[in-house]
Amino acid sequence: MANPKKILNDPKKVVPEMIEGLVAANDGRLYKLDNLPALIRTDIPDGKVALLIGGGSGHEPLFHGFVGKNMGDGAACGQVFAAPSPDVIYEAAKAVNRGKGVLFLYGNYAGDNMNFDMATEMLEDDGIDVRTVRVTDDVAAAPPERTHDRRGIAGDIYMIKIAGGASAELDSLYEVERVARKAIANIRSMGVAVAAGSIPETGKLTFELAEDEIEIGMGAHGEAGIARQKMKPADAVADELMEKILTDLPFRKGDEVALLINNLGATTMMEMLIVNRRIRQILEREGIKVHRTDIGTWLTVQEMAGFSVTLMKLDDELKHYLDMPAESLGYSRM
Amino acid sequence: MANPKKILNDPKKVVPEMIEGLVAANDGRLYKLDNLPALIRTDIPDGKVALLIGGGSGHEPLFHGFVGKNMGDGAACGQVFAAPSPDVIYEAAKAVNRGKGVLFLYGNYAGDNMNFDMATEMLEDDGIDVRTVRVTDDVAAAPPERTHDRRGIAGDIYMIKIAGGASAELDSLYEVERVARKAIANIRSMGVAVAAGSIPETGKLTFELAEDEIEIGMGAHGEAGIARQKMKPADAVADELMEKILTDLPFRKGDEVALLINNLGATTMMEMLIVNRRIRQILEREGIKVHRTDIGTWLTVQEMAGFSVTLMKLDDELKHYLDMPAESLGYSRM
Amino acid sequence: MTETLNAGSSRAMLEAVSRFVIERTDMLTDADLAIGDGDHGIGMRRGFEAALSALETQSVDTPESAFKVVGTAILSNTGGAAGAVFGTLFRAGSKAFAGKDAIDGDGFAAFLESGLEAVIKRGGVTEGQKTMIDAIGPAARAARGNVGKGLSAVVASAAEASLSGVEATRDMIATTGKARSLGERSLGHPDPGAISISLILKAMQEFTATA
Amino acid sequence: MTETLNAGSSRAMLEAVSRFVIERTDMLTDADLAIGDGDHGIGMRRGFEAALSALETQSVDTPESAFKVVGTAILSNTGGAAGAVFGTLFRAGSKAFAGKDAIDGDGFAAFLESGLEAVIKRGGVTEGQKTMIDAIGPAARAARGNVGKGLSAVVASAAEASLSGVEATRDMIATTGKARSLGERSLGHPDPGAISISLILKAMQEFTATA
Ligand SMILES: Nc1ncnc2c1ncn2[C@@H]1O[C@H](COP(=O)(O)OP(=O)(O)O)[C@@H](O)[C@H]1O
Ligand SMILES: Nc1ncnc2c1ncn2[C@@H]1O[C@H](COP(=O)(O)OP(=O)(O)O)[C@@H](O)[C@H]1O
Ligand SMILES: [Mg+2]
Ligand SMILES: [Mg+2]
Ligand SMILES: [Mg+2]
Ligand SMILES: [Mg+2]
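Residues numbered from 1 in each chain as written. Chains lettered and ligands numbered in written order. Predicted model: local features only at pLDDT ≥ 70, side-chain atom pairs only at ≥ 80, totals over all residues. Heavy atoms only, no water.

A. A look at the coordination of the magnesium ion (ligand 3). Each protein donor to the magnesium ion (ligand 3) is listed here as A:Phe81 (O), D:Asp37 (OD) and D:Asp39 (OD); together their distances run 2.1 to 2.2 Å. Separating the magnesium ion (ligand 3) and the magnesium ion (ligand 6) is a distance of 3.5 Å, and D:Asp37 donates to both of them. Here the residue A:Phe81 occupies a position in the loop between strand 4 (74-80) and helix 2 (86-96), and D:Asp37 occupies one in the loop between helix 2 (25-35) and helix 3 (40-57), the pair thus bridging two chains. For the residue pair A:Phe81 and D:Asp37, the accessibility class agrees, reading buried in each case. (Donors = N, O, S within 2.8 Å, 3.2 Å for Na, K, Ca; no water. Helix = DSSP H or I, 4+ residues; strand = E, 2+ residues; numbered from the N terminus. Buried < 20%, exposed > 50% of the residue type's maximum accessible area, 1.4 Å probe, protein only.)

Rendered as structure tokens:
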């Protein structure tokens, strides 16, 4: 298997070069901290509860492409597939803080948890309020009684949207945390991969799949899923993902949901739309109403091919924050 | 070379299934004409100049994902890489028309030109005003003295954004046409491919590139570019694309531009951000100011890997329409 | 040997043509992969499958209506450049049979001539640009030159001339359609649309020779 | 044989450790590709490259500061799980040398013990979950058991024990980190972080045995 074909300069410098390009792409809407891979909105209002997001790089536009109005106030960026270090998180948190404290929002991985926790301890020493909500939406990662062990995947996007809206409107860190916790309690996702991605610096694919194989439940860094299967039709893939997702929360007749289908990298939107067709048939059959659909490329795993499906059960409060306008390089709505 | 690995049902039914999924994904914001692959906004205001976009499928979200508020009012969809037929265009035009006439906006390809022209003749027989603007942004496709021979590539996105805004605000078809013509006169693009895409129904890659080769100037259906080269660093690729684009209009010191980098399918956003870094260095050196940057996945060529760069020179009028809010499945801004 | 085609035999011939082209989908795909986007085979298949079912379900009481039904089916179902030009060929060409109960050699030559004229107008091309008209042009001229010899000979001469037309496209540089950007790299490859014309005429030749 | 390490030799040893680990980047990459996300090698390289340049540029006047400088460099530059746990090992472990001019066998055992304790607290894991502490735990216990034999023997015993620890991780099912989702499929593969511990101790053993 030949090395993945990528248009890069020095593979060791992908993260700093990417961040330089990312800052430029925001046309003045954010800036980078000196000497640290952290991005901060230029226009955080005074007295706003701050929302700091972050995680490993290589999943662009997640996380650092989601800094903007009614989205994250800042992002702490790690190396490819590696959580940011405590000092990056610490400085980013101080830069976004407007006196009302900082909500940390990130995917639930051992590396992120430890590094964000270390930063939290440093910030608490400085008297800054920090609360943490970890995204744990991947139903493939652990059984329902151990949701705290689940990975964060494309649920990140709705979590940032909801927490971004809540932190723009609500006046207290604890209220924003409450809304974010409500959101994550109502979000479930699962993915499928048909081809692997690679880390630019090693040039090696992170797993191997045969020409006729798919992996159901694949994680966002190539972590093993729950089943390796033969290729099957889109409808059958959708059926399997939806069965797992629906029964997990569970989503019930009469529920209203937001639906997000995320491209892991190299899958065509045509495939995702065909999958959406089946998902809507299933939801209609189950009597579940879709309030809003998002289909696109938000949490990628380098050149991995595959997608994930995310459902968020809505109440009026979540719907309100979901429907707020937002603007960032990676996700905007009117 | 094994068949591309895709999650599909019947490859002969990709277009109707995709359209079903697309209509569902718009959550009531558009509907499909009976028995015809055409999508129409449900909320076209009375007395609005209508904007009809369209073209072959397989480039999702282009075109049919760009129907929405301040974007296209309707889309006529063809089969994969094949222009829609005159009857689809004709019925779609009648459905979007609100008495003020219809602007046709599509990429400049022999098939699209002939089919849209046939529909135009049918509509004119019915007394409906139709004007046509073809997107001809690909500088790789013909020399500057033959811009009318150029293909339409990612310039489509800015064209739809500008014409969508203009058709929402301006009261006459001819005024909307004027703005769209001004836009296309100021847009230049060029792409590069590192891997080929395939048509689902044939399962065959549309071209072949060696492991260490790239093609500069590749077209949006795999049409030949201007040079096949050895892989080279991102900065060198950016230099070559920018040289061709900048000297073509030409863009000059003091100009203000919008910059769009479009993923042809399987390229990572990390690569595009690294390319953006270099592009901004070049623009800074040339004294050209960037008003707005868009980096994402809008005009795809199935699983093709590569990207294109688009520059649009702005004046106050174009800037106004570019900056208007817009909402569609494939492109939104606040 | 068939020397005139009434409504019924026109329909039968067009059904034979449709099946003949459909069976050669892969060959047309490969021709279009070489210099285009690889969809010409499936496009022609879509068009002629629609033609077959239209011929089955619609009333066809003249040669003109048989050809028009095929042209309309192609136009609505093929899409792309091929839908426009092959649809136009059959639709505009059918007018040559207006008011006639049967097609003879002269009628067939007129079909190719009026089809050619309409395609040229629609596509804005002239012969030599490496398109399907580089097969129709020679076919139309051969048909006219052999008009005195009866329908089957006219069709045979057209089919043969179209094949030379296809061969000639190998030496042409495309200046329209998706192959245009290849420039000199389009040399050596025949034009997919021209091949389709030769297949259509070949099937007509077989039909008129044997039926 | 080195039986005590002052500030200067601590620094020299940690430089040797850094180079030793950096040279084994690919091996760590492959170990992490088998059960993780494939970045452990480049992560450790980033961390120890930063450690090398920190040792060069920062003032290191006690063993404690030498180890702390290394830990801080790893913590800030490695990222991921490894940055946190290896950074913590060196930073928290360095406290065992507080107020001391030199490291002896007892000091070294205390370093491993306090490092282990801090990593356990930080990572929320216990031994047996297939992590780097499954190499530190046995190493710390072996070091303590051999304290009477002098520094080089203590380090050697720790290095040896860590290797058995690495071997033991093959039979463990990961319940934390990226390998967790593999479940039983993680069996047979050693833990990458545990391998890194064994490399670090091996380099220390070589240094104390020869320097
Ligand atoms: N302007 C034109 N006039 C006549 N024929 C054309 C023209 N453009 C293309 N063609 C014909 O159409 C063929 C390609 O058809 P097809 O592949 O189905 O459509 P597309 O080019 O839209 O993919 C070409 O081989 C050529 O013969
Ligand atoms: N909770 C934890 N406690 C202690 N060590 C851990 C923990 N989680 C992971 N590790 C160690 O980290 C190693 C993985 O490091 P690395 O690959 O660099 O980070 P990441 O898992 O973030 O990609 C594992 O092999 C394991 O030894
Ligand atoms: Mg990692
Ligand atoms: Mg085509
Ligand atoms: Mg074609
Ligand atoms: Mg790892």
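Additional details are given in the paragraphs that follow.
B. Representation of the interface of chain A and chain D. Contacts between the two partners involve 31 residues from chain A and, on the opposite side, 28 residues from chain D. When the two sides are added together, the surface that chain A and chain D hide from each other amounts to roughly 2400 Å², 52% of it contributed by carbon and sulfur. Of all residues in chain A, A:Met114, A:Met118 and A:Lys204 give up the largest surface area on contact with chain D, accounting jointly for 21% of the area buried on that side. There are six salt bridges connecting chain A and chain D. Where A:Glu201 meets D:Arg45, a salt bridge forms, and the shortest distance between an N and an O atom there is 2.6 Å. Where the side of chain A that touches chain D is concerned, the elements lending two or more residues are strand 4, helix 2, helix 3 (110-125) and strand 9 (204-205) of chain A. Take the side of chain A that touches chain D: its biggest share by element is seven residues, from helix 3 of chain A. When the residues that make up the side of chain A that touches chain D are grouped by side-chain class, the tally is 12 nonpolar, eight polar and 11 charged. (Contact = heavy atoms within 4.5 Å. Buried area = accessible area lost by both parts, 1.4 Å probe. Salt bridge = Lys/Arg side-chain N within 4 Å of Asp/Glu carboxyl O. Nonpolar A, V, L, I, M, F, W, Y, C, P; charged D, E, K, R; others polar.)

C. Expanded view of the interface of chain B and chain A. Facing the 65 residues of chain B at the interface are 65 residues of chain A. Across the interface of chain B and chain A, roughly 5400 Å² is buried in total on both sides, 63% from carbon and sulfur atoms. Where chain B packs against chain A, one counts eight salt bridges. There are 28 residue pairs in polar contact (both at pLDDT 80 or more) connecting chain B and chain A. (Polar contact = N/O pair within 3.5 Å; in protein donor to acceptor, adjacent residues only side chain to side chain.)

D. Region of the structure containing the domain arrangement of chain A. Residues and elements named next belong to chain A. When its domains are assigned, chain A resolves into domain 1 (11-186) and domain 2 (187-319). For domain 1 and domain 2, the distance between their C-alpha centroids amounts to 23 Å. Every contact between the two is made by 35 residues of domain 1 and, on the other side, 42 residues of domain 2. With both sides pooled, the region where domain 1 packs onto domain 2 buries about 3200 Å², and carbon together with sulfur makes up 62% of that total. At the surface where domain 1 touches domain 2, the tally comes to four salt bridges. Among the ionic pairs, arginine 178 bridges to glutamate 317, the shortest N-O distance being 2.8 Å. At the junction of domain 1 and domain 2, the tally comes to 18 residue pairs in polar contact (both at pLDDT 80 or more). Contributions of two or more residues to the side of domain 1 that touches domain 2 are made by helix 4 (155-169) and helix 5 (173-185). Taken together, the residues of the side of domain 1 that touches domain 2 sort by class into 21 nonpolar, five polar and nine charged. (Domains from an automatic or database assignment.)

E. Geometry of the pairing of strand 3 (residues 50-57) of chain A. Residue and element names in this part refer to chain A. Strand 3 sits mainly inside the fold: eight of its eight residues count as buried. As paired elements, strand 3 and strand 5 (residues 102-107) share four bridges and run parallel to each other. Each bridged residue has a counterpart across the sheet, and for leucine 52 the counterpart in strand 5 is phenylalanine 104. Sheet analysis places strand 3 next to strand 4, joined by five bridges and oriented parallel. Residue pairing in the sheet places glycine 54 in a bridge with alanine 76 of strand 4. (Pairing = 2+ DSSP bridges.)

F. Summary view of the coordination of the magnesium ion (ligand 5). Residues and elements named next belong to chain C. Taken together, Asp32 (OD), Asp37 (OD) and Asp39 (OD) make up the protein donors of the magnesium ion (ligand 5), found 2.0 to 2.2 Å from the metal. Binding-site remark: the magnesium ion (ligand 5) is held by donors from one chain whose sequence spacing is D-x4-D-x1-D. Distance-wise, the magnesium ion (ligand 4) is placed 3.4 Å from the magnesium ion (ligand 5), both being coordinated by aspartate 37.

G. View of the pairing of strand 2 (residues 38-41) of chain A. Residue and element names in this part refer to chain A. In strand 2, alternate side chains face the same way, and those of Ala38 and Ile40 on one face and Leu39 and Arg41 on the other are all buried. The sheet contact formed by strand 1 (residues 30-32) and strand 2 spans three bridges and is antiparallel. Bridge pairing links lysine 32 to leucine 39 in strand 2. Following strand 1, the chain reverses through five residues before pairing antiparallel with strand 2; asparagine 35 in that reversal takes a positive phi of roughly 65°. Here three bridges tie strand 2 to strand 4, and the two strands are oriented antiparallel to one another. Bridging from a neighbouring strand, leucine 39 pairs with alanine 75 of strand 4.

H. The arrangement of the side chain of D:Thr25 in detail. All names here are of chain D. Within the secondary structure, threonine 25 sits in helix 2. Of note is the side chain of threonine 25, whose polar atom sits 2.6 Å from the backbone oxygen of isoleucine 22. In this structure threonine 25 touches Gly41, Ile42 and Arg45, once residues within four positions along its chain are discounted.

I. Summary view of the packing of aromatic side chains. On inspection of all chains with the given rule, the structure shows 20 aromatic pairs over all chains. A ring pair is formed by A:Tyr106 and A:Phe116, whose centres lie 4.0 Å apart and whose planes are at 10°; its orientation type is stacked. With A:Tyr106 in strand 5 and A:Phe116 in helix 3, this pair connects stretches of sequence that are 10 residues apart. Relative accessible area serves as the criterion here: at 0%, A:Tyr106 is assigned to the buried category. On the accessibility criterion, A:Phe116 (0% relative accessible area) is buried. Taking 6.4 Å as the distance between ring centres and 85° as the angle between the ring planes, the aromatic pair formed by D:Phe48 and D:Phe90 counts as edge-to-face. One end of the pair, D:Phe48, is in helix 3; the other, D:Phe90, is in helix 5 (residues 80-94), with 42 residues separating them in the sequence. Neither D:Phe48 nor D:Phe90 differs from the other in exposure class; each is buried. Positioned above the aromatic ring of C:Phe20, the side-chain terminus of C:Arg24 is 3.6 Å from the ring centre. (Phe/Tyr/Trp six-rings, centres within 6.5 Å; stacked < 30°, edge-to-face > 60°. Lys NZ or Arg CZ within 6 Å of the ring centre and 35° of its normal.)

J. Focus on a negative patch on the surface. Negative charge collects at one region of the surface, where A:Glu124, A:Asp125, A:Asp126 and A:Asp129 lie side by side. Judged by its relative accessible area of 45%, A:Glu124 is partly exposed. (Patch = residues over 30% accessible without salt bridge, like charges linked within 9 Å, V, L, I, M, F, W, Y side chains within 5 Å. Areas by Shrake-Rupley, 256 points an atom, 1.4 Å probe, with all protein chains shown as cover. Lys, Arg positive; Asp, Glu negative; His and termini not counted. Charge placed at Lys NZ, Arg CZ, Asp CG, Glu CD.)

K. Structural context of a positive patch on the surface. Together, C:Lys68, C:Arg91, C:Lys95 and C:Lys121 line one region of the surface with positive charge. Along the chain, C:Lys68 falls in helix 4 (residues 63-77).

L. Structural detail: the nonpolar core. The biggest cluster of nonpolar side chains holds 208 residues, and the ones touching the most others in it are A:Phe307 and B:Phe307. Grouped together as the second largest cluster of nonpolar side chains are 64 residues, D:Leu28, D:Val69, D:Ala84 and D:Ala159 included. (Core = buried A, V, L, I, M, F, W, Y, C linked by side-chain atoms within 4.5 Å.)

M. Region of the structure containing the packing of helix 2 (residues 86-96) of chain B against helix 3 (residues 110-125) of chain B. All names here are of chain B. Viewed as axis vectors pointing N to C, helix 2 and helix 3 meet at an angle of 50°, and their least axial separation amounts to 8 Å. Our classification of the angle between helix 2 and helix 3 gives oblique. Helix 3 is crossed by helix 2, and the crossing has right-handed handedness. In contact with Pro86, Ile89, Tyr90, Ala93 and Lys94 of helix 2, helix 3 contributes Asn115, Phe116, Met118, Ala119, Met122 and Leu123. (Axes fitted to C-alpha atoms, helices over the stretch in contact; angles between N-to-C directions. Parallel < 35°, antiparallel > 145°, perpendicular 65-115°, else oblique. Left-handed = near helix turned anticlockwise from the far one by under 90°.)

N. Quick peek at the pattern of salt bridges. The tally for this structure, following the rule as stated, stands at 94 salt bridges over all chains. Across the pair C:Arg122 and B:Glu121 runs a salt bridge whose closest N-O atoms are separated by 2.8 Å. With C:Arg122 in helix 6 (residues 105-123) and B:Glu121 in helix 3, this pair bridges two chains. Under the relative-accessibility criterion, C:Arg122 is labelled buried at 19%. The network of salt bridges with shared partners includes A:Glu17, A:Glu20, B:Asp235, B:Asp239, B:Arg277 and B:Arg278.

O. How the structure looks around the site of ligand 1. The environment of ligand 1 is made up of 19 residues, and the closest members are C:Asp37, C:Asp39, C:His40, C:Met132 and C:Asp191. At the site occupied by ligand 1, nearby residues are drawn from chains B and C. One of the side-chain nitrogen or oxygen atoms of C:Asp191 is found 2.5 Å away from an oxygen atom of ligand 1. Relative to its free-state accessible area of 560 Å², ligand 1 is covered by the protein chains to the extent of 95%. Elements with a contribution of two residues or more to the shell around ligand 1: helix 3 of chain B together with helix 5 (80-94) and helix 9 (192-210) of chain C. Top element by residues in the shell around ligand 1 is helix 5 of chain C. It accounts for four residues. (Near = heavy atom within 4 Å.)

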